[in-house]
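Given next are the chains, with one letter for each unit.
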4 protein chains.
Amino acid sequence: MGIKVGVAGASGYAGGELLRLLAGHPEFDLTVATAHSQAGQPVAAVHPQLAGLDLVFTATEPDALADVDLVFLALPHGQSAALAAALPSGVKVVDLGADHRLTDAAAWQRYYGGAHAGAWTYGLPELPGQRAVIAAATRVAATGCYAVATTLALAPLVAAGTVAPDDVVVVAASGTSGAGRAARAHLLGSEVMGDLSPYKVGAHQHVPEIKQATGATTLSFTPVLAPMPRGILATVTALPSVVGTDPRAVLASAYADSPFVHVLPAGAWPHTAATLGSNSCHLQAAVDVDSGRVIVVSAIDNLGKGAAGQAVQCANLMSGLPETTGLSVFGVAP
Amino acid sequence: MGIKVGVAGASGYAGGELLRLLAGHPEFDLTVATAHSQAGQPVAAVHPQLAGLDLVFTATEPDALADVDLVFLALPHGQSAALAAALPSGVKVVDLGADHRLTDAAAWQRYYGGAHAGAWTYGLPELPGQRAVIAAATRVAATGCYAVATTLALAPLVAAGTVAPDDVVVVAASGTSGAGRAARAHLLGSEVMGDLSPYKVGAHQHVPEIKQATGATTLSFTPVLAPMPRGILATVTALPSVVGTDPRAVLASAYADSPFVHVLPAGAWPHTAATLGSNSCHLQAAVDVDSGRVIVVSAIDNLGKGAAGQAVQCANLMSGLPETTGLSVFGVAP
Amino acid sequence: MGIKVGVAGASGYAGGELLRLLAGHPEFDLTVATAHSQAGQPVAAVHPQLAGLDLVFTATEPDALADVDLVFLALPHGQSAALAAALPSGVKVVDLGADHRLTDAAAWQRYYGGAHAGAWTYGLPELPGQRAVIAAATRVAATGCYAVATTLALAPLVAAGTVAPDDVVVVAASGTSGAGRAARAHLLGSEVMGDLSPYKVGAHQHVPEIKQATGATTLSFTPVLAPMPRGILATVTALPSVVGTDPRAVLASAYADSPFVHVLPAGAWPHTAATLGSNSCHLQAAVDVDSGRVIVVSAIDNLGKGAAGQAVQCANLMSGLPETTGLSVFGVAP
Amino acid sequence: MGIKVGVAGASGYAGGELLRLLAGHPEFDLTVATAHSQAGQPVAAVHPQLAGLDLVFTATEPDALADVDLVFLALPHGQSAALAAALPSGVKVVDLGADHRLTDAAAWQRYYGGAHAGAWTYGLPELPGQRAVIAAATRVAATGCYAVATTLALAPLVAAGTVAPDDVVVVAASGTSGAGRAARAHLLGSEVMGDLSPYKVGAHQHVPEIKQATGATTLSFTPVLAPMPRGILATVTALPSVVGTDPRAVLASAYADSPFVHVLPAGAWPHTAATLGSNSCHLQAAVDVDSGRVIVVSAIDNLGKGAAGQAVQCANLMSGLPETTGLSVFGVAP
């Protein structure tokens, strides 16, 4: 008999990817999927890629989730805290939303607004010592998609003193699924195909999270919407702290024991398509010959390592399973 | 100890997908991958999505494949026969190429040219009685990508006498990976994005294969290159043989025991993205209110059920494994 | 002093393309653009590609359009008739909607519903004798996008007796702009990229229009949504009426004097990207070697020759101008 | 009688766009188009979007171009100088290649290699005083695509002392046409669709040109290949030199008389699709609330303002015509 799991808010894109991963997971039994307006509908009617999955959406209520061992929350920001508070303390929770990521209440107020629900264990297993912390936790806040891509690229370099924590500049492009499934005119296929479009320039809500997770003290972050369904490519640059540093070696050492982080052979640069459908992050680093800046490029699937895959990875650890259980390190390409 | 498998011609797109599926297969041990110009290179250097796979391409020679239990041939048309002939008779072979699909030597000459290598067991398990035939075979010719999509849509209707075998009209659009990985100017991203382009109009080499597999006697087949990496959508129309027929019911009955074929709920039509990365085929059928024609729409991943996934499904049967072993029925979407 | 023109319902995709063409037109003075919810907004705020166009949307009211010489109606189906009726009889009108295309009231009722507003002059100048009819008209109903692509491919062959009018099968794929600008979840970029999706299978509202315009008596028409913003590729097949017919020669002769219709050199097949942004239609025809069917492929820009470009072409004729005025025969590619 | 113009190296993407613009130009008579391997072929066979253009490629030889008034060179880097030297001095030349852009021979050697051919008048009319210089020149080196996008965003801010010239960081993504038309496997549609891929990280040949044109002294430039045929989105960041600066106002003032540069209304950010097919550049600037960095985003069509459009703009000035002649300020969208 497996570990019973449920997904709250499973009608969106991250929720759909969670259902796909959980339906194929060898140790988790997917028993509950909840939705709001689509409660009562077959899951496959909302997620056609799951044709053959015999599950119907129930309403998003605590009672529906009380009997499972572990719950994934894939709700809009601001809705996780209330539901989590209503769940039995014995039910483990992984929140894909932002409600419990930030330790700084003021930062929460400034970027999200409303009352701060307090911080949970931060769900990025690749941070030093974090696997054990996550394994011991019953409440985990999964990392934001841009934060995953940027933190995996930058955190080891700041920690090792390879780069200076101030004057960090990040430009990150994301596929459109990162913008969610709500019908909005600027996200229509006619608008996004053939288009690159920056948004929330100079004020993205992932900035405080990235600073908290990486140790960066000054961060310029510009997100761009790219014409593809999935994928994040983050270009992270910072000034070197020491001469003759080898940022790639620092990253390779930091992730030697991380099965999902691949520091590519020197000269090979990450690209997003290679991570599609996987829980992998591809990294490469170099020093800019002209400016001397350290440049790190990171590629992930925003719904994989950036959301659902990472959440399952955390749930594996919380359940005493190998972190790779039910996840793929290989991408679906071309 | 698992079943040792190898892939010949693994540097292309179908080969890469085979490696992805086999690397995650619980019963097959992927021990050999061969390539031509890329022999000696790490697999991950040629297929970045397989970063972390510790395997190097060897040259495509019979000796390299003599020690495995089963070989997948993902070679250009016309090259499979020679290599297969040089393999020990005890080595099971699944050929993804066209060399051994056609029973009609004249049709081979007309559409492919050169000497006909003779027909092998046809690798479409969903055809009536074919699972047992494949399970007993040591040489299997996997079905062509367009033939999979069209045959699953049409064969049961012809067999049941629901539609007339003459005057069948098929228009099928494929993602660009179906055109292969060779660098050709008309396949550049700049050319194919935003573009729909018909090709081989009125004379595609899958015509005789489709007729052989479906029982269609007269077939108009027009392939179209579509601006996406993967996926085939086949629109198949034929004249009804009987009044008041329900083509959907015939398909649902024909595939009741086929785990990878999903006849969608009435009114829901297949679309390719829902099958990405899976071995599934989605089907729907209706009768055209104006013309009275039966219209069947079929969607597959051309590299999944259309190539590598189907080949693994056949290999599972040939190895006494459940046909779903190591394959996914769920697509990666959005 | 130029000819004053206005566009009613200019906030959608066809309306935006009309504004682009009219802003660059040497003889028409674009003086009014109306919208519904976006009245009062600068045109460039709704259509960023028109940055630099100094025009503000007014409300869609007859008074706003009473002072112009010619009005383009780019309104949702069912709204054109009322507005047109309220305009002074001296104001020429080109309706891009369907309200006045069909001569058969019963067909209107069946496919659109509601009262039939009556037929206007059909706005396809390439039909025999139609240029003169359009030039003399004050009310013109522009052709539907799928109807343009299909009619230009088929009408001359039916008229010449080259093909039989019954048993016509058309599969046509369109870019997403054909589905309009209203925010709907199934049209999100995340859904349409990488996807081919059939819709309205066996019952599309363009069927009666295509039959009326081509002379086809039995028509099977299947539309498919393709992952690109613009373009229609129509594959039209019919049974030949005579042996040894040369459908390409019939088309070449029919369009010898049509500057926007290009019958490509034998062997070259149309593809949509080559028509982007132009008012051109590319055609090619052949006889299927297996089935003997005549296959004609047609490519247009659904917003160009399929909507706004064609409407301007009609307006040119109605205004005594050369039909090519302000329109391009060349596409924007790659 | 118009001004006779020719295009050398017209079989590539920039060349094709030049032919499109020149074929519709009211003052230039396109009389010669040369190509290498495709000499002797009809232009429309190589550029299907130009169906209807009655022109055949001639070989790329000086004699073929000796009789025109102005020649556009769209040749690979390193080939322009030799051809230009062989043309009569009375023939005006606009070079789209890099051969004559750099004033610093050492920089040429480092980034391009080979002998430096010497600098010509730099073809960016929007730089202060440059219109008159171009109008008086007979040899003009058109600006590189990335350099156009970056220079228009940055140069006025450096010149005004709004930002510091050191520590400039640019991440710019380009559509695939910027990579050219040569058949290379990594540019196949199957590879680029759904993919973002950085390249030449830390050492792009446009770095010295951008520094020369903008006055930046230290520049980190990372180019990214994006899944679309056309468009460049450049995100340019620099440290402010003064407190409380308004970078948008500086840009608006700098381009008040530049018809192709549109500083968007505050809060509206450029996106590439809005510039497709036009010669426009869309700009917006803001100060990052967290880092205090100035962020400028620039969008162009890499084949328009980034190549062919800009070259025609220069040729207009060199021929005493309004710079907007035969060019569009409006994009083709969606």
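Quick caveat: nothing in here was measured; it's all calculated off a predicted structure. (Residues numbered from 1 in each chain as written. Chains lettered and ligands numbered in written order. Predicted model: local features only at pLDDT ≥ 70, side-chain atom pairs only at ≥ 80, totals over all residues. Heavy atoms only, no water.)

**Student:** Any chance you could explain the packing of helix H7 (residues 145-159) of chain D against helix H10 (residues 247-254) of chain D here in plain terms?
**Tutor:** Helices that pack against each other are described as a pair by the angle of their axes relative to one another and the distance between those axes. All names here are of chain D. Two numbers describe how H7 lies on H10: the axes approach to 9 Å, and their chain directions differ by 100°. In terms of their interaxial angle, H7 and H10 are classed as roughly perpendicular. Touching Leu-152, Ala-153, Pro-156 and Leu-157 of H7 are Pro-247, Val-250, Leu-251 and Ala-254, all from H10. Among the residues forming the contact of H7 with H10, the class breakdown is 8 nonpolar, no polar and no charged. (Axes fitted to C-alpha atoms, helices over the stretch in contact; angles between N-to-C directions. Helix = DSSP H or I, 4+ residues; strand = E, 2+ residues; numbered from the N terminus. Parallel < 35°, antiparallel > 145°, perpendicular 65-115°, else oblique. Contact = heavy atoms within 4.5 Å. Nonpolar A, V, L, I, M, F, W, Y, C, P; charged D, E, K, R; others polar.)

**Student:** Looking at this model, I keep getting lost on the relation of the copies chain D and chain A. Mind explaining?
**Tutor:** Copy one and copy two of the chain differ by a rotation about an axis and a translation along that axis. Expressed as a screw operation, the relation of chain D to chain A combines 0.0 Å of axial shift with a rotation of 180°, fitting to an RMSD of 0.0 Å. Each copy turns onto its partner about a two-fold axis. A shared binding surface is used by both copies, with 100% of the interface residues of chain D retained as interface residues in chain A. (Least-squares fit on C-alpha atoms with pLDDT ≥ 70 in both.)

**Student:** In this structure, what is going on with the sheet that holds strand E13 (residues 281-287) of chain C? I would like to understand it.
**Tutor:** All names here are of chain C. Pairing in this open sheet of 7 strands is mixed, and the strands run E9-E10-E8-E11-E14-E13-E12 from one edge to the other. Edge positions in the sheet fall to strand E9 (197-198) and strand E12 (261-263), since each has one partner strand and no second. Across 2 bridges, E9 lies against strand E10 (residues 219-225) in antiparallel orientation. Its bridge partner lying in E10, Ser-197 is registered against Leu-225. (Pairing = 2+ DSSP bridges.)

**Student:** Would you mind going over the side chain of Arg-20 of chain A with me for this structure?
**Tutor:** Along the polypeptide, Arg-20 of chain A turns up in helix H1 (residues 13-23). Discounting chain neighbours no more than four positions away, the residues touching Arg-20 of chain A are Leu-50 and Gly-277 of chain A together with Phe-330, Gly-331 and Val-332 of chain B.

**Student:** For this particular structure, what's the right way to read the sheet that holds strand E12 (residues 261-263) of chain B?
**Tutor:** All names here are of chain B. Read from one edge of the open sheet, 7 strands run E9-E10-E8-E11-E14-E13-E12, paired in mixed fashion. On the outer flanks of this sheet lie strand E9 (197-198) and E12, each paired with one strand and no other. Packed on one face of the sheet, helix H10 (residues 247-254) meets E12, strand E13 (281-287) and strand E14 (294-300) and runs near 150° to E13.

**Student:** Looking at this structure, how should I read the environment of Phe-330 of chain C?
**Tutor:** All names here are of chain C. Inspection of the secondary structure puts Phe-330 in the segment after helix H11 (304-318). Phe-330 sits in the buried class, given a relative accessible area of 12%. Sequence separation between Phe-330 and Ala-234 is 96 residues; the distance between their C-alpha atoms is 20 Å. (Buried < 20%, exposed > 50% of the residue type's maximum accessible area, 1.4 Å probe, protein only.)

**Student:** Explain the interface of chain C and chain A here, please?
**Tutor:** Taken residue by residue, the interface counts 19 residues in chain C and 19 residues in chain A. Buried area between chain C and chain A, both sides added, is near 1,400 Å², and the carbon and sulfur share of it is 61%. When the buried area of chain C at its contact with chain A is split by residue, Leu-188, Ser-190 and Met-193 of chain C rank highest and sum to 41% of it. One can count 2 salt bridges joining chain C with chain A. In this structure, the salt-bridge partner of Arg-181 of chain A is Glu-191 of chain C, at a minimum N-O distance of 3.6 Å. Scanning the region where chain C abuts chain A turns up 8 residue pairs in polar contact (both at pLDDT 80 or more). Of the residues assigned to the side of chain C that touches chain A, the class counts are 11 nonpolar, 5 polar and 3 charged. (Buried area = accessible area lost by both parts, 1.4 Å probe. Salt bridge = Lys/Arg side-chain N within 4 Å of Asp/Glu carboxyl O. Polar contact = N/O pair within 3.5 Å; in protein donor to acceptor, adjacent residues only side chain to side chain.)

**Student:** How should the UniProt feature "active site" (unreviewed entry) in chain A be read in this particular structure?
**Tutor:** Residue and element names in this part refer to chain A. The UniProt entry lists Cys-145 under the feature "active site" (unreviewed entry), expressed in the numbering used here. By the secondary structure assignment, Cys-145 is in helix H7 (residues 145-159). Using a relative accessible area of 16% as the deciding quantity, one classes Cys-145 as buried. Sequence-distant contacts of Cys-145, that is, excluding residues within four places in its chain, are made with His-206, Ile-232, Ile-300, Asn-302 and Gly-306. (UniProt positions renumbered as here; feature names shortened; annotations may be inferred.)

**Student:** Quick question: what am I supposed to make of the state of the cysteines here?
**Tutor:** For the structure shown, the criterion picks out 0 disulfides over all chains. Cys-281 of chain A forms no disulfide, and the closest cysteine sulfur to it belongs to Cys-145 of chain A, at a distance of 13 Å. Its relative accessible area of 0% is what places Cys-281 of chain A among the buried residues. The thiol of Cys-314 of chain D is not disulfide-bonded; the next cysteine sulfur, from Cys-281 of chain D, is found 14 Å away. (Disulfide = S-S within 2.5 Å.)

**Student:** Just to check I follow, could you spell out the pattern of salt bridges for this structure?
**Tutor:** Pairs can form between side chains of opposite charge whenever their charged atoms are close. Residue and element names in this part refer to chain A. Counting across every chain of the model gives 40 salt bridges over all chains. Note that Arg-101 and Glu-209 form a salt bridge whose closest N and O atoms lie 3.3 Å from each other. Of the two residues, Arg-101 sits in the loop between strand E5 (92-95) and helix H5 (105-111) while Glu-209 sits in helix H9 (residues 206-214), which places them 108 residues apart along the sequence. The exposure class of Glu-209 is buried, given its relative accessible area of 0%.

**Student:** Can you walk me through the interface of chain D and chain A in this structure?
**Tutor:** It is common to give the size of an interface as the accessible area that goes away when the parts come together. Each partner contributes to the interface: chain D provides 42 residues, whereas chain A provides 43 residues. At the surface where chain D touches chain A, the tally comes to 4 salt bridges. Ionic pairing is found between Arg-293 of chain A and Asp-167 of chain D, a salt bridge with its closest N-O pair at 2.8 Å. Put simply, chain D and chain A have 20 residue pairs in polar contact (both at pLDDT 80 or more) between them. Listing elements by their share of the side of chain D that touches chain A, those giving two or more residues are strand E8 (168-174), strand E9 (197-198), helix H9 (206-214), strand E10 (219-225), strand E11 (232-238) and strand E14 (294-300) of chain D. Among the elements that take part in the side of chain D that touches chain A, E10 of chain D stands out by supplying 5 residues, more than any other. Considered class by class, the residues forming the side of chain D that touches chain A number 23 nonpolar, 12 polar and 7 charged.

**Student:** Just checking my understanding: could you explain the pairing of strand E7 (residues 139-142) of chain A for this structure?
**Tutor:** Each regular strand carries side chains that alternate between the two faces of the sheet. Residues and elements named next belong to chain A. Side chains of E7 alternate between two faces, with Arg-139 and Ala-141 and Val-140 and Ala-142 buried alike. Looking at chain direction, E5 and E7 are connected through 3 bridges and run parallel. Following the sheet pairing, Val-93 is matched in E7 by Arg-139. Note that strand E6 (residues 121-123) and E7 share 3 bridges and pair parallel. Pairing of Thr-121 across the sheet is with Val-140, part of E7.

**Student:** Explain the environment of Leu-30 of chain C to me, please; I cannot follow it from the model alone.
**Tutor:** Residue and element names in this part refer to chain C. Structurally, Leu-30 is set in strand E2 (residues 28-35). When the C-alpha atoms of Leu-30 and Leu-251 are compared, they prove to be 36 Å apart, with 221 residues separating the residues in sequence. When residues no more than four places from it in sequence are discounted, the contact partners of Leu-30 are Val-5, Val-7, Leu-19, Leu-22, Ala-23, Leu-53 and Leu-55.

**Student:** I'm lost on the packing of aromatic side chains in this one. Help?
**Tutor:** Two aromatic rings are characterised by how far apart their centres lie and by the angle between their planes. Residues and elements named next belong to chain C. For the structure shown, the criterion picks out 8 aromatic pairs over all chains. Aromatic pair Trp-108 and Tyr-112: ring centres 4.3 Å apart, planes at 15°, arrangement stacked. What makes Trp-108 buried here is its relative accessible area of 4%. Centroid distance Tyr-146 to Phe-221: 5.2 Å. Interplanar angle 75°. Geometry classified as edge-to-face. On the criterion of sequence distance, the pair formed by Tyr-146 in helix H7 (residues 145-159) and Phe-221 in strand E10 is long-range, its members being 75 residues apart. (Phe/Tyr/Trp six-rings, centres within 6.5 Å; stacked < 30°, edge-to-face > 60°.)

**Student:** What's the story with helix H1 (residues 13-23) of chain C in this structure? I'm lost.
**Tutor:** Since one α-helical turn is 3.6 residues long, residues separated by three or four positions face the same way. Burial analysis of H1 of chain C places 9 of its 11 residues in the buried class, which makes it a mostly covered element. Listed as buried for H1 of chain C are Tyr-13, Gly-15, Gly-16, Glu-17, Leu-18, Leu-19, Arg-20, Leu-21 and Leu-22 of chain C. On its buried face, H1 of chain C sits against helix H8 (189-192) of chain A together with strand E1 (3-8), E2, helix H2 (43-46), strand E4 (70-73) and H11 of chain C.

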